[in-house]
Amino acid sequence: MVLVCGDPYEPVTAFLCSRLEKLKIDHRQLDLGTFPRGADLDLSWVAGRPRGSISTGDWRIELDELSGVYFRNVELDEPGEEEEETDLKGQAYPETDARLAAVLNSLPCKVLNRPAATYSNRSKPYQALLIRRFGFKIPKTLVTNDPAAVASFFAECHGKLIFKSISGVRSKVRLLTKGDFGRLVLLENCPALFQDYLTGDNIRVHVIGERLFAVRIQCEAVDYRYAGEEGYSLTMVPAVLPEDIAANCIRLTKELGLSLSGIDLKETSPGEYYCFEVNTSAAFLFYESPARPVVADALAEFLAQREA
């Protein structure tokens with residue numbers, strides 16, 4: 001039995017559920033947008049492990065039945081027709097019920113990913129320190145709220161500089177120009193992350209347990225996720241990574257306590273790879289072919305397999 005914890009209207013969660021259904025994998029969905037209303041946790045703790053059940057008005061699961069749990073606690077950008085706007089809408093990180101988080105952090109089955117393992121992505125500078133231990137290069141980086149420091153770094157990087165948020169909250173990556181210098185005074189309100197702009201192909205790597213799926217993204221946009229909005233074309237093709245890079249991706253995922261990760265790489269020249277970050281709640285749907293959803297199906301099958 002697989003338990004899916006997420007928003008039923010969120011595209012990645014909904015797509016995974018559709019694949020579980022297609023593959024005839026028995027599963028139940030717990031709506032984190034309404035939890036704990038309409039649901040019940042009947043728990044006891046034995047030797048640090050939760051025992052008991054999770055139930056709603058429609059179903060009941062004994063925790064011992066679970067082969068795997070998928071946990072994706074994100075908010076939709078816009079409320080759907082059946083959602084209500086709340087004062088909590090727009091939070092950087094939706095709150096997870098403390099009892100449910102404790103259960104997910106302690107279950108003996110696979111949990112992708114345990115709430116406690118997702119925290120590294122909430123700080124890009126902190127995560128970069130972890131990434132460097134695994135043989136990846138990191139672009140020259142400056143985190144500051146000092147406009148003068150940015151101007152100096154801009155010159156050091158020969159006018160090729162991008163900026164983005166420090167946290168894991170999704171932000172658009174932009175190229176800094178001299179025309180932006182007048183806005184640097186806003187840094188006094190919140191520091192930002194500046195990096196040397198690297199040319200080359202972006203590569204998205206999804207790690208599921210011991211398996212790896214890599215996609216090469218060929219695009220002229222600074223942030224390929226918004227290529228269409230800016231009039232750029234985008235091509236994605238399967239990628240084959242060198243053995244050492246592939247092994248480091250799997251090792252890094254494990255070191256962060258994850259069973260599922262979305263790793264952002266850039267190949268600047270043959271055999272030279274930089275790593276930007278490790279997404280701990282990977283939005284794999286963007287990189288899938290609806291006709292052949294290899295990542296979603298591999299994830300569904302991984303969740304269904306009981307650990308020995």
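Residues numbered from 1 in each chain as written. Predicted model: local features only at pLDDT ≥ 70, side-chain atom pairs only at ≥ 80, totals over all residues. Heavy atoms only, no water.

Section: the pattern of salt bridges
In plain terms, the rule: Salt bridge, as applied in this entry: a Lys or Arg side-chain nitrogen positioned within 4 Å of an Asp or Glu carboxyl oxygen. Each helix corresponds to a stretch of at least 4 residues labelled H or I by DSSP, and each strand to a stretch of at least 2 residues labelled E; elements are numbered beginning at the N terminus. Burial classification: accessible surface area is computed with a 1.4 Å probe over protein chains only, and a residue below 20% of its type maximum counts as buried, one above 50% as exposed, and the rest as partly exposed.
The full count for this structure, using the stated rule, is 15 salt bridges. Where Asp 97 meets Arg 99, a salt bridge forms, and the shortest distance between an N and an O atom there is 3.4 Å. The partner of Glu 267 in a salt bridge is Arg 216, and the shortest N-O contact between them spans 2.9 Å. With a gap of 51 residues between them, Glu 267 in strand S15 (residues 260-269) and Arg 216 in strand S13 (residues 211-219) connect regions that are remote in the sequence. Comparing Glu 267 with Arg 216 shows no difference in burial state: the two are buried. Each of Asp 42, Arg 60 and Glu 62 takes part in a single network of salt bridges with overlapping partners.

Here we look at the environment of Lys 22
Positionally, Lys 22 belongs in helix H1 (residues 11-22). Considering only alpha carbons, one finds Lys 22 and Asp 297, 275 residues apart in sequence, at a separation of 9.4 Å.

A look at the nonpolar core
What counts, and what does not: Throughout, nonpolar core names a set of buried Ala, Val, Leu, Ile, Met, Phe, Trp, Tyr and Cys residues whose side chains join them through atoms within 4.5 Å. Two residues form a contact once any of their heavy atoms are found within 4.5 Å.
Core analysis: the biggest nonpolar cluster contains 23 residues, and Phe 136, Ile 203, Val 205, Leu 241, Cys 249, Ile 263 and Leu 265 have the highest contact counts within it. In contact with Cys 249, other than residues within four places in its own chain, are Phe 136, Val 205, Val 207, Leu 212, Leu 241, Ile 263 and Leu 265. Counting residues in hydrophobic clusters, the runner-up holds 21 residues, among them Val 2, Leu 260, Ala 296 and Phe 302.

Notes on the packing of H1 against helix H6 (residues 294-304)
Counted only if it meets this: The axes are straight lines fitted to the C-alpha atoms, using for helices just the contacting stretch, and the angles between their N-to-C directions are given from 0 to 180°. Here the word oblique covers every angle except those under 35 degrees (roughly parallel), over 145 (roughly antiparallel) and from 65 to 115 (roughly perpendicular). Left-handed is the label given to a crossing in which the near helix is rotated counterclockwise from the far helix by less than a right angle, and right-handed is the label when the rotation is clockwise. Side-chain classes are defined by residue name, with Ala, Val, Leu, Ile, Met, Phe, Trp, Tyr, Cys and Pro counting as nonpolar, Asp, Glu, Lys and Arg as charged, and the others, Gly among them, as polar.
Packing of H1 against H6 leaves a shortest axis separation of 9 Å and a crossing angle of 65°. Taken together, H1 and H6 sit at an angle that is classed as roughly perpendicular. Relative to H6, the crossing made by H1 is right-handed. On H6, the residues that touch Phe 15, Leu 16, Arg 19 and Leu 20 of H1 are Ala 296, Asp 297, Leu 299, Ala 300 and Leu 303. Residue composition of the contact of H1 with H6, by class: seven nonpolar, no polar and two charged.

Looking at the sheet that holds strand S5 (residues 60-62)
Note the cut-off: Strands are labelled as partners when DSSP assigns at least two bridges between them.
Reading across from one edge, S3-S4-S5 is the order of the three strands in this open sheet, with antiparallel pairing throughout. The sheet is open, and its two borders are formed by strand S3 (39-46) and S5, each paired with just one other strand. Shown here is a sheet whose adjacent strand axes are inclined to one another by a mean of 10°, direction ignored. Where S3 meets strand S4 (residues 49-56), eight bridges bridge the pair, whose relative direction is antiparallel. Counted as the bridge partner of Trp 45 is Pro 50 from S4. Lying over the sheet, helix H2 (residues 98-106) contacts S3 and S4, oriented at roughly 50° with respect to S3.

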